[in-house]
Amino acid sequence: GQCTGHSNYRSLAVGTKTGYKLFSLTTVEKLDCIHESAETPDVYIVERLFSSSLVVVVSTTTPKRMNIYHFKKGTEICNYSYPSNILAVKLNRQRLVVCLEESIYIHNIKDMKLIKTLLNTPANNSGLFALSINHSNSYLAYPGSATNGEIIVYDANSLVRINDNCMITAHDSPLAALSFNTTASQLASASERGTVIRVFSIPEGLRLFEFRRGMKRYVSISSLSFSPDGQFLCASSNTETVHIFKLEQLEPNAGDDTSTWTAYVGKVLSAATSYFPAQVSDMMSQDRAFATVHLLKTNQRNICALAMIQKLPRLLVATAEGQFFIYNVDPLDGGECMLVYKHRLFGPDDEQTQETDSVGAEVTMPVQPFPSYAATAALPASGPVTATLTGYSEDGGAKKGEVIPEHEFAAGPVCLDDENEFPPVSIQ
């Protein structure tokens, strides 16, 4: 998962056994289903281009084919077919990236043309990769090895690897999760062991932070997501606990000597190609999460994201069983987060959709104007599954389905109502 700023519009995309649903989250209590499609069964990938009417869908019935729709018109823009099953798709205003087990395809989102194919990438059976939301720094990160935790960072705009083909040696074990912050200046990673989460500077590849979950046991990290302002990082796993870590910013003008010294060291070493020496990285290592959430169930796939809703920081958790939880986060003191609302995205409605949990309380504050932040999240596909949860958000989408404003793309307006803008294409 990733986050994006300057947004007053949030959306959540959900793939189900019967199709997919798009939701709009405006307040803690208000989650509206703005579109539901039952035309394609068993959707395991659904990605929406921010708040525009462009949506990418992949179904287990045709797992090698990606269909791109203008959902408000109900028309197909184009489709592409690939040599093997599609494991993951991500997109920003510049690029659409498709990940197969041993190759990655990069499309120009303006015309959907294939502009680069990365062949013979290390075996990646979970389709793990990250694409930055920031299209001006359109970085792509993916595993550099199937046997250890090396990361390759690729510039999807200029179509070259960064750092003179150097890889970030992030972990000893293979990677399990990757996520960029909003500005693509930092990359978070976790390995299959799930005991340590590390944050690296981009493009330099320097280790900035190391977070330990506080448990010796190995866990499967299912999602990592930065807060929109980059100050927090949340991690969810197959356990009942979601961890939120605080990233102390390296500010040169910070008041106390330690922060200033930290910033100075970071500035000096940012020009180097080596990683922080052990004694320096230890200083920025944290053994305890800043805040935590204890879910009601364990061993269920989920994604987490941090967002500002009604001007307050919230943790959002969506589960593969179709539940969507909203927690309050105390940005000053952290601690255990309080469940304030839960919604039902799909599945049996055994609980009332707008029922509050016994440990939470109804939000009684007046509804504020739309927030300035939003959360995006993606659930990595692990083979054919029938329910995945993804979310994207951005302001100024094609709300009426006519023209995506110029700022939605890196250059020039795109009229999604004109089929000539996206001629149907199929590659074998």
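What you see is a predicted model; the values in this text were computed from it and never measured.

1. Notes on the overall build of the protein chain
No. 1: Counting its regular elements, the protein chain contains two helices and 36 strands.
No. 2: The buried share of the protein chain, taken over its 428 residues, is 58%.
No. 3: For the protein chain, long-range pairs separated by at least 24 residues make up 51% of all intrachain contacts whose partners lie at least 6 apart in sequence.
No. 4: Summed over all atoms, the accessible surface of the protein chain reaches about 17200 Å², with 50% contributed by carbon and sulfur.

2. So, the packing of aromatic side chains
No. 1: Within this structure, the stated rule accounts for six aromatic pairs.
No. 2: On the numbers, 6.4 Å between centres and 25 degrees between planes, the contact of Y80 with Y82 is stacked.
No. 3: Judged by its relative accessible area of 2%, Y80 falls in the buried class.
No. 4: A relative accessible area of 4% places Y82 in the buried class.
No. 5: Relative to Y327, the ring of F325 lies with its centre 6.4 Å away and its plane at 40 degrees, an arrangement referred to as tilted. Of the two residues examined, F325 and Y327, each falls in the buried class.

3. Considering the nonpolar core
No. 1: Ranked by internal contacts, the top residues of the largest apolar core, which has 23 residues, are M66, I68, I86, V89, L96 and V98.
No. 2: Elements supplying a minimum of two residues to this core: β5 (43-48), β6 (54-59), β7 (65-70), β8 (75-81), β9 (88-91) and β10 (95-99).
No. 3: If we skip the residues at most four places from it in the chain, M66 touches V56, V57, V58, C78, N79, Y80, Y82, I86, V89, L96 and V98.

4. With respect to the sheet that holds strand β23 (residues 232-237)
No. 1: An order of β22-β23-β24-β26-β30 is seen for the five strands of this open sheet, with the pairing classed as mixed. Each edge of the open sheet carries a strand with a single partner, namely β22 (221-226) and β30 (335-336).
No. 2: Here five bridges tie β22 to β23, and the two strands are oriented antiparallel to one another. Bridge pairing in β23 links S225 to C234.

5. Notes on the side chain of S237
No. 1: Its location among the elements puts S237 in strand β23.
No. 2: Look at S237 and you get buried, because its relative accessible area is 3%.
No. 3: Polar contacts involving the side chain of S237 include one to the side chain of T239, which spans 2.9 Å.
No. 4: Setting aside chain neighbours within four positions, we find S237 in contact with V219, S220, I221, S222, Q300 and N302.

6. Overview of the confidence of the model for the protein chain
No. 1: Chain-level pLDDT for the protein chain is 76 on average; 69% of the residues reach the 70-or-more range.
No. 2: Strand β1 (residues 3-4) is the least confidently modelled element of the protein chain, averaging 24 in pLDDT, while strand β11 (residues 103-108) averages 98, the highest of any element.
No. 3: Of the regions scoring below 50 in pLDDT, residues 250-283 engages in 34 contacts with residues more than four places distant in sequence or in other chains.
No. 4: Taken together, the stretch residues 350-428 has pLDDT below 50 and engages in 269 contacts with residues farther than four places along the chain or on a different chain.

7. Considering the side chain of H171
No. 1: Mapping H171 onto the fold places it in strand β17 (residues 168-171).
No. 2: Polar contacts involving the side chain of H171 include one to the side chain of S189, which spans 2.8 Å.
No. 3: At 3.4 Å, the side chain of H171 and the side chain of R198 are in polar contact.
No. 4: In contact with H171, other than residues within four places in its own chain, are N148, G149, S189, A190, S191, V196 and R198.

8. Looking at the environment of S222
No. 1: Within the secondary structure layout, S222 lies in strand β22.
No. 2: Classification of S222 by relative accessible area gives buried; the value is 17%.
No. 3: With 80 residues separating them along the chain, S222 and N302 place their C-alpha atoms 6.7 Å apart.
No. 4: Side-chain polar atoms of S222 contact the backbone oxygen of N302, separated by 3.0 Å.

9. Topic: the pattern of salt bridges
No. 1: Tallied over the full model, the rule gives four salt bridges.
No. 2: Of the charged contacts, one joins E210 and R207 as a salt bridge, the two residues approaching to 3.1 Å between their closest N and O atoms. This pair shows no difference in class: E210 is buried, exactly as R207 is.
No. 3: Residues participating in the shared-partner salt-bridge network are R198, R207, E210 and R212.

10. Quick notes on the pairing of strand β20 (residues 196-201)
No. 1: Buried residues dominate β20, accounting for six of its six residues.
No. 2: Here β20 shows two buried faces, one formed by V196, R198 and F200 and the other by I197, V199 and S201.
No. 3: Strand direction decides the pairing type here: strand β19 (residues 186-191) and β20, joined by five bridges, are antiparallel. Across the sheet, the residue bridging to Q186 is S201, located in β20.
No. 4: What sits between β19 and β20 in their antiparallel hairpin is a turn of four residues, with G194 showing a positive phi close to 75 degrees.
No. 5: Relative to strand β21 (residues 207-212), β20 runs antiparallel, the two sharing five bridges. Of the residues in β21, the one forming a bridge with V196 is R212.

Rules used throughout
- Residues numbered from 1 in each chain as written.
- Predicted model: local features only at pLDDT ≥ 70, side-chain atom pairs only at ≥ 80, totals over all residues.
- Heavy atoms only, no water.
- Helix = DSSP H or I, 4+ residues; strand = E, 2+ residues; numbered from the N terminus.
- Buried < 20%, exposed > 50% of the residue type's maximum accessible area, 1.4 Å probe, protein only.
- Contact = heavy atoms within 4.5 Å.
- Areas by Shrake-Rupley, 256 points an atom, 1.4 Å probe, with all protein chains shown as cover.
- Phe/Tyr/Trp six-rings, centres within 6.5 Å; stacked < 30°, edge-to-face > 60°.
- Core = buried A, V, L, I, M, F, W, Y, C linked by side-chain atoms within 4.5 Å.
- Pairing = 2+ DSSP bridges.
- Polar contact = N/O pair within 3.5 Å; in protein donor to acceptor, adjacent residues only side chain to side chain.
- pLDDT = per-residue confidence, 0-100.
- Salt bridge = Lys/Arg side-chain N within 4 Å of Asp/Glu carboxyl O.

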